[in-house]
Amino acid sequence: MDNILEGLDKRDRRGMEMINFKLKIAEKLEGIVNIDKKELETYIEIPKDSKNGDYSFPCFKLAKELKKAPPIIANEIKEKFNLEKTGLEKLEVIGGFVNFFVDKKILSEEVLKKITLEEEYGRSKVGEGKNIVIDYSAPNIAKPFHIGHLRSTVIGGALSNIYKFLGYNVTGINHLGDYGTQFGKLIEGYKLWGDEYDIDKDPINELTKIYIRINNLCKEDEKVLEECRNNFKKLEEGDPYCVELWERFKSVSLKEFQKVYDLLGSKFESWNGEAFYKDKMQEVIDILEKSGKLTTSQGAKIVDLSDDGIDTPCIIIKSNGSSTYATRDLAAILYRARTYDFDKALYVTSYEQILHFKQIFTVAKYLGLDDKYVKGLKHVSFGMVLLPTGKMSTREGTSIKLEDLLNEAIERAKKVIEQKNPDLENKEETARKVGVGAVIFNDLSNNRVKDEIFDWDTILNFQGETGPYIQYTYVRIKSVLEKANGVPHFKDIDVGNLNDNYSQEVLKLIYNFENILIAVTEKEEPSILSRYLIDLAKAYSSFYNENKIMVEDKQVKDARVILSYATAKVLKEGATLLGMEMPDRM
Ligand code: ARG
């Protein structure tokens, strides 16, 4: 029974297109008003209230061009519009609007045929031939993987999944913070006190302690600072002792980070961090030098960006001769353009780095790259994570270790499950899916630029707008399907049984799934998908409350069962794209 959702898919895997109602409307309108259908398509709206139809065409958009009042245009359209082969049932004029109503049976048929016959509903090829680079997660070696990195990991991971699902060629890059003068300090600290700390046992914490201690010493003792700079220089020159230590710091840190990635299910195509660019920065400096953009200011080499409207110059070489975070990012842009020939290169970090990306994207204009690449650079910024008591910060000790946070989520989920369903098998496994799913969904449930409040009770509420609510709805549907003894075949269904508003609401949402995914990629905004899943789960709940499923009439029952199946399939696909796992029971 566990395979109810999967079993049906094996019947037929031919790709098929559903009717594109919007396009059909635009095509017919083109014949009437003589304006390009592509333009007309962009004017067509989806009314908030379905009383005003499923699609609406606002005629005022054409008033100027056609030199007529909108209501007159609307009536002309109504007179001349031929409904044949559009999948539409009727159209109505209200003021300057023409409202179109989709034929209910056709909608049901289109959706249910595709979703029951295709292996993965909504998978498409719209992105075929396009390359997307997503730079995300990127924690810093020897420092805690903090809550901001979690958001980056979750947002970047969701975007990566969704782009792939739409046929794009995606390279997810973990641009690790594994380079910079702080490693010279860490090496010095280790030399001095290495044997006082158990780095293998608790690497990040111990390295952080060493780092804080050596930093304090540097402030007091100029000579130590000098030694640290020396270490970094040696590291750059490949000194075996320094390189070996650096590699050790890196490998113990990565082992720690991997625990979080394992819990989240994160995978990257590339792990080229900042150090990867150490021999690739000279080219950036040479190009900028040649272009005349590089100037000297107080001993540092900078690019002045005031002509580009940015007050703060971009520092390329510090006065002490070392390269910067920005220099490495510029080298990475060159490398990525050449290696991945990207159409879009996304950078997922908190909004604290807005200025940094503004600077490097502007400097990128002077690297002699094809304009296509410069245009493809995009900072996908996101807000802070706030505790109900205020901002999380390491300094005030309110910062939570991420692995602990995820484990706490799992523990809390387990408690809820223990209360609701004490006899459940696989409690551990389910608690992991629910706990981690709750954290992931919470990270994605609001517009990404908004600050996010992290409140345990809200994110784990089975009835709220949460990950567990999506999972719970899914699990409920699965049990319906089990009671129904499986899912009927599409061709045995009379879709006329799904004409009621509750069923139609669900069907319309399911019809829209691929458009939702496309909208996510247009705005780099996974919350469009998470909001959609909430809407779908809510619409299904209304359907379920209004329509009894296990009724006498087999035709009615079968139709409702297949609609339930379709809903569960989209909920599962959508949640999986967000990075969640679905439990079978909970
Ligand atoms: N390591 C950086 C940090 O923790 C994020 C790196 C983002 N990616 C980049 N290419 N700059 O803030």
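Refer to the preceding data block for the structure.
(A) Here's a closer look at the overall build of the chain. What the chain contains, in helices and strands, is 23 helices and 13 strands. Taken along its principal axes, the extent of the C-alpha atoms in the chain is 85 × 70 × 45 Å. When each of the 586 residues of the chain is scored for burial, the buried share is 54%. Taking contacts inside the chain between residues at least 6 apart in sequence as the whole, the part at least 24 apart equals 74%. Of the roughly 27,000 Å² of accessible surface on the chain, 47% is carried by carbon and sulfur atoms. Between the centroid of the 86 positive side chains of the chain and the centroid of its 96 negative side chains there is a distance of 2 Å.

(B) Expanded view of the sheet that holds strand β3 (residues 97–102). As summarised here, the arrangement of the three strands in space is β1-β3-β2, forming an open sheet in which the pairing is antiparallel. Each edge of the open sheet is held by one strand with a lone partner, namely β1 (55–58) and β2 (88–94). For this sheet, the mean inter-axis angle between neighbouring strands, taken without regard to orientation, is 20°. The pairing of β1 with β3 spans four bridges and is antiparallel. Among the inter-strand pairings, Ser 56 is bridged to a residue of β3, identified as Asn 99. Helix α2 (residues 21–33) rests against β1, β2 and β3 of the sheet, and its axis sits at about 35° to β1. Packed on one face of the sheet, helix α5 (residues 70–80) meets β1, β2 and β3 and runs near 155° to β2.

(C) Just the site of the ligand, in detail. The ligand sits among Asp 135, Ala 138, Asn 140, His 149, His 175, Tyr 325, Asp 329, Tyr 347, Thr 349, Gln 353 and Phe 357. One nitrogen or oxygen atom from the side chain of His 149 is found 2.8 Å from an oxygen atom belonging to the ligand. Between the ligand and the protein, one listed contact pairs an oxygen atom with a side-chain N or O atom of Gln 353 at 2.8 Å. Burial of the ligand by the surrounding chains reaches 89%, relative to a free accessible area of 350 Å². If you list the elements that add at least two residues to the shell around the ligand, you get α13 (325–340) and β9 (344–350). Considered class by class, the residues forming the shell around the ligand number four nonpolar, five polar and two charged.

(D) Up close: the packing of helix α12 (residues 281–290) against α13. Remark: α12 packs on α13, axes separated minimally by 8 Å, with the N-to-C direction vectors making an angle of 95°. The angle between α12 and α13 falls in the class roughly perpendicular. Contacts between α12 and α13 involve Met 281, Glu 283, Val 284 and Ile 287 on the former and, on the latter, Thr 327, Arg 328, Leu 330, Ala 331, Leu 334 and Arg 338. Along the lines of polarity and charge, the residues of the contact of α12 with α13 split into six nonpolar, one polar and three charged.

(E) Structural view of the pairing of strand β10 (residues 377–382). Counted residue by residue, β10 has five buried out of six residues, so it is predominantly covered. Judged from the six bridges that link them, β9 and β10 form a sheet pairing that is parallel. In the strand pairing of β10, Tyr 347 is matched with His 379.

(F) Representation of the environment of Phe 543 within the structure. For Phe 543, the location among the structural elements is in helix α22 (residues 527–546). Measuring from C-alpha to C-alpha, the distance between Phe 543 and Ile 287 comes to 63 Å, with 256 residues separating the pair along the chain. Residue contacts for Phe 543: discarding those within four places in its chain leaves Tyr 502, Ser 503, Val 506, Ile 549, Arg 560, Leu 563 and Ser 564.

(G) The arrangement of helix α11 (residues 240–264) in detail. With 25 residues, α11 extends 35 Å from end C-alpha to end C-alpha; this agrees with the ideal 36 Å at 1.5 Å per step. Phi turns positive, to about 75°, at Gly 265, one or two residues after α11.

(H) Examining the pattern of salt bridges more closely. In the structure shown here, the tally under the stated rule is 39 salt bridges. When the shortest N-O distance is used, the salt bridge between Glu 505 and Lys 508 registers 3.7 Å. Linking Glu 505 with Lys 508, this pair stays in helix α20 (residues 501–511), spanning three residues, or about one helical turn. Using a relative accessible area of 34% as the deciding quantity, one classes Glu 505 as partly exposed. One network of salt bridges, with partners in common, ties together Glu 429, Arg 432, Lys 433 and Glu 581.

(I) Up close: the side chain of His 149. Residue placement: His 149 occurs in helix α7 (residues 147–165). Beyond its immediate chain neighbours, meaning those up to four positions away, His 149 contacts Ser 137, Ala 138, Pro 139, Asn 140 and Pro 144.

(J) Local environment of the packing of helix α8 (residues 182–193) against helix α10 (residues 222–237). Put simply, α8 and α10 touch, their axes get as near as 7 Å, and they point 110° apart. Here α8 is positioned roughly perpendicular relative to α10, judged by the angle of their axes. Crossing of α8 against α10: the hand is right-handed. Between α8 and α10, the residues in contact are Phe 183, Gly 184, Lys 185, Ile 187, Glu 188 and Lys 191 and Val 224, Leu 225, Glu 227, Cys 228, Asn 231, Phe 232 and Leu 235, respectively. Residue classes in the contact of α8 with α10 are distributed as seven nonpolar, two polar and four charged.

Rules behind the numbers
- Sequence positions are assigned chain by chain, starting from 1 and proceeding in written order.
- Where totals are concerned, whole chains, interfaces and linings use all residues; where local detail is concerned, this predicted model gives features only for residues with pLDDT of at least 70, and gives and counts side-chain atom pairs only at 80 or more.
- Excluded from the side-chain calculation are hydrogens and water; included are all heavy atoms of the structure.
- Strands here mean DSSP runs of E at least two residues long; helices mean DSSP runs of H or I at least four residues long; both are numbered from the N terminus.
- Under the scheme applied here, a residue whose accessible area is under 20% of the maximum for its type counts as buried, over 50% as exposed, and between as partly exposed, the area being computed with a 1.4 Å probe on protein chains only.
- Any two residues whose heavy atoms approach within 4.5 Å are treated as being in contact.
- With residues, only the protein chains shown are counted as cover, and all accessible areas are computed by Shrake-Rupley using a 1.4 Å probe.
- His is not counted, nor are the chain ends; Lys and Arg add positive charge and Asp and Glu add negative charge.
- Charge positions are represented by NZ for Lys, CZ for Arg, CG for Asp and CD for Glu.
- Pairs of strands are assigned from DSSP output, requiring at least two bridges between the strands.
- A fitted line through C-alpha atoms represents every axis, and for helices the fit uses only the stretch in contact; the resulting angles, taken between N-to-C directions, go from 0 to 180 degrees.
- We call a residue near a molecule or strand when any one of its heavy atoms sits within 4 Å of it.
- Any pair of N or O atoms that falls within 3.5 Å is considered a polar contact. Within protein, one atom must be able to donate a hydrogen and the other to accept it, and sequence-neighbouring residues count only if both atoms are side-chain atoms.
- All residues other than Ala, Val, Leu, Ile, Met, Phe, Trp, Tyr, Cys, Pro, Asp, Glu, Lys and Arg, Gly among them, are scored as polar; the first ten of these are nonpolar and the last four charged.
- An angle below 35 degrees is read as roughly parallel, one above 145 as roughly antiparallel, one from 65 to 115 as roughly perpendicular, and any other as oblique.
- For a helix, the expected span equals 1.5 Å multiplied by the residue count minus one.
- Take a side-chain nitrogen of Lys or Arg and a carboxyl oxygen of Asp or Glu: if they are within 4 Å of each other, that pair is a salt bridge.
- Definitions for this section: a left-handed crossing has its near helix turned counterclockwise from the far helix by less than a right angle. A right-handed crossing has that turn clockwise.

Purely geometric numbers; function is a separate question.
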